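# Fold and contact review
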Amino acid sequence: MKKEALKDCKIVFSNVIPLNDNVEAHPMWKKAEELDATCSTETDASVTHVISRNHCTTKSKRRNLNQVEIRAF
């Protein structure tokens, strides 16, 4: 089902949502949660995907070491 498309995904946005914005109110964060993802502002071992404007961000590099999916746009 579309509702559960991102079930079991833990997503971190890197260089996508401005630091001083309310991340939980951002449209991309809300859409990910609508699709059943868990979103986080910090990387840790449970993160499965990093959504980034640039694959060279600190969060992207940190998670890439653990073979996490990096999606740059």
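Think of each chain on its own: its residues are numbered from 1, step by step along the sequence as written. pLDDT decides what is reported in this predicted model: residues at 70 or higher carry local features, side-chain atom pairs at 80 or more are listed and counted, and totals for whole chains, interfaces and linings draw on all residues regardless. Side-chain measures here rest on the full set of heavy atoms in the structure, leaving out hydrogens and waters.

Among the buried residues, those of types Ala, Val, Leu, Ile, Met, Phe, Trp, Tyr and Cys that are joined through side-chain atoms within 4.5 Å form a nonpolar core. For every residue, the accessible area obtained with a 1.4 Å probe (protein chains only) is divided by the maximum for its type, and the residue is called buried under 20%, exposed over 50%, and partly exposed between those limits. Of all hydrophobic cores here, the largest spans 10 residues; its members are Cys9, Ile11, Phe13, Val16, Ile17, Trp29, Ala32, Ala37, Cys39 and Ile51. Think of it this way: any DSSP run of H or I at least four residues long counts as a helix, any run of E at least two long counts as a strand, and we number them from the N terminus. Within the residue set of this core, elements represented by two or more residues are strand 1 (10-14) and helix 1 (27-34). Contact definition: two residues touch when any of their heavy atoms are within 4.5 Å. The contacts of alanine 37, once residues within four sequence positions are left out, are Leu6, Cys9, Ile11 and Ala32.

Before going further, it helps to spend a moment on the side chain of serine 52. With respect to the helices, strands and loops of the structure, serine 52 is situated in strand 3 (residues 49-52). Only 3.3 Å separates the side chain of serine 52 from the backbone oxygen of serine 14, close enough to count as a polar contact. Side-chain atoms alone can form a polar contact between residues adjacent in sequence; in general such a contact is a pair of N or O atoms within 3.5 Å, and within protein one must be able to donate a hydrogen while the other accepts it.

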